[in-house]
Amino acid sequence: MTKTIAITTPDGDRTFDAYVAEPADTPRAAIVVIQEIFGVNAGIRRKCDMLAEAGYLAIAPDLFWPIEPGVELDPDVAPEMERALSLMGQFDQDAGIRDIEATIRTARGMLGDGGKVGAVGYCLGGRLAFMTAARTDIDASVGYYGVGIDGLLDEARAIANPVLLHVPVEDHFVDKAAQAKMHEGLDDHPKVTLYDYAGEDHGFAAAFGKRRSEEAAALADERTAAFFAEHLG
């Protein structure tokens, strides 16, 4: 079952929407699905639906709500890509993490006592998944082609729970120098695992569309499924 719920902001003054996909039976755990720069669009909703099919309660918060609620953009349409990049420039990432933390609290409340909550993010969401691991009590985090993580390495010391990062080697938003810094800063971290995908570009694991690379997406998603099964249940 799917629905939209309202989540209260950390200060308690306002609410924002989140898409929820519920499993048929009691959830194994909950997973916060963190959007790309395209909003909670059909691709992100499909990611939630697939997690629900695997037995998880999946929640995708609308993180762009302070700029424009309900944004849904298509990365395969050039003007919509340009609009997405503009929204990214206006987005307050620190506030976004606070909204993710509110979503984590909501998910825990929906699960009941002892329920674990993970996060998975894509593009901007991959960066935010890393930040979430460093700044919240999330139980496990996965980032797909996170942007700018090489500039966040000082936060790695605060990561206490498992993190998995999927890194496409030909990412045109994250050059090889940035990837090298990520490996240098994170390969020895006891809680962080990086997987490289040779020949793959940004967006290779999109649910559908021109960016998707079927074989690499399937491999990354298999690794993510095993990671969540191990660390969330």
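Just above, that's the structure.
Here the structure is a predicted model, which is why all the values come from computation and not from measurement.

Q: What am I meant to see in the overall build of the chain here?
A: Counting its regular elements, the chain contains 6 helices and 8 strands. For the chain, the sequential pattern of α-helices and β-strands runs β-β-β-α-β-α-α-β-α-β-β-α-β-α. Over its C-alpha trace the chain gives a radius of gyration of 16 Å, about what one expects of a compact globule, namely 17 Å for 233 residues. Seen through its principal axes, the chain has C-alpha atoms that stretch 40 × 40 × 35 Å. Classification of the 233 residues of the chain by burial places 52% in the buried group.

Q: I'm lost on the side chain of Asn 41 in this one. Help?
A: Among the secondary structure elements, Asn 41 is positioned in the loop between β3 (30-34) and α1 (42-53). For Asn 41, a relative accessible area of 8% puts it in the buried group. Setting aside chain neighbours within four positions, we find Asn 41 in contact with Glu 72, Leu 73 and Pro 75.

Q: Sorry if this is basic, but what is going on with the pattern of salt bridges here?
A: Counted by the stated rule, this structure contains 11 salt bridges. A single network of salt bridges, built from pairs that share partners, joins Asp 94, Arg 135 and Glu 155.

Q: Looking at this structure, how should I read the sheet that holds strand β1 (residues 2-8)?
A: Working definition: the strands of a sheet are paired by backbone hydrogen bonds and lie parallel or antiparallel to each other. In space, the 8 strands of this open sheet follow the order β1-β2-β4-β3-β5-β6-β7-β8, with mixed pairing throughout. In this open sheet, the two edge strands, each paired with only one partner strand, are β1 and β8 (192-197). If you compare each strand with its neighbour and ignore which way they point, the axes differ by 20 degrees on average. Inspection of the sheet shows β3 paired to strand β4 (residues 57-61) by 3 bridges, in the parallel sense. Across the sheet, the residue bridging to Ala 30 is Leu 57, located in β4.

Q: I would appreciate a short explanation of helix α5 (residues 176-186) in the present structure.
A: Each α-helix turn comprises 3.6 residues. Residues three or four places apart therefore point the same way. Among the residues of α5, Ala 178, Gln 179, Met 182, His 183 and Leu 186 are the ones counted as buried. Burial along α5 is one-sided: seen end-on, the buried residues are contained in an arc of 140 degrees. For α5, the secondary structure elements touched by its buried residues are α4 (124-135), β7 (163-168) and β8.

Q: Can you walk me through the pairing of strand β2 (residues 15-21) in this structure?
A: Put simply, side chains in a regular strand alternate between the two faces of the sheet. The buried fraction of β2 amounts to 5 of the 7 residues, a majority that puts the element mostly inside the structure. Bridge analysis of β1 against β2 gives 7 bridges, and the strand direction is antiparallel. Looking at the pairing, Ile 7 lines up with Phe 16 of β2. Between β1 and the antiparallel strand that follows it, β2, lie 6 residues; Gly 12 among them carries a positive phi value of about 80 degrees. Sheet topology places β2 next to β4; 4 bridges connect them, and they run antiparallel. Counterpart to Ala 18 in the pairing with β4 is Pro 61.

Q: Help me out: how do you make sense of the nonpolar core in this one?
A: As a rule of thumb, nonpolar side chains are buried together in soluble globular proteins. Within the largest apolar cluster, 80 residues are counted, with the highest numbers of intra-cluster contacts made by Val 33, Val 120, Leu 128, Leu 165 and Phe 228. It is α4 that contributes the most residues to this core, 7 residues altogether.

Q: In this structure, what is going on with helix α6 (residues 214-231)? I would like to understand it.
A: With 18 residues, α6 ought to run about 26 Å at 1.5 Å a step, and its terminal C-alpha atoms sit 26 Å apart, in line with that. Along α6, the residues classified as buried are Ala 216, Ala 217, Ala 220, Thr 224, Phe 227 and Phe 228. Down the axis, α6 shows its buried residues gathered within 100 degrees of arc, on one side only. Away from the buried face of α6 by more than 90 degrees, exposed residues Glu 214, Glu 215, Glu 222 and Glu 230 are located. Here the buried face of α6 lies against β3, β5 (117-122), β6 (140-144), β7 and β8. Just beyond α6, the residue with positive phi is Gly 233, at close to 120 degrees.

About the cut-offs
- Residues numbered from 1 in each chain as written.
- Predicted model: local features only at pLDDT ≥ 70, side-chain atom pairs only at ≥ 80, totals over all residues.
- Heavy atoms only, no water.
- Helix = DSSP H or I, 4+ residues; strand = E, 2+ residues; numbered from the N terminus.
- Rg over C-alpha atoms; globule rule 2.2 N^0.38 Å.
- Buried < 20%, exposed > 50% of the residue type's maximum accessible area, 1.4 Å probe, protein only.
- Contact = heavy atoms within 4.5 Å.
- Salt bridge = Lys/Arg side-chain N within 4 Å of Asp/Glu carboxyl O.
- Pairing = 2+ DSSP bridges.
- Axes fitted to C-alpha atoms, helices over the stretch in contact; angles between N-to-C directions.
- Arc of directions from axis to C-beta.
- Core = buried A, V, L, I, M, F, W, Y, C linked by side-chain atoms within 4.5 Å.
- Expected span 1.5 Å × (residues − 1).

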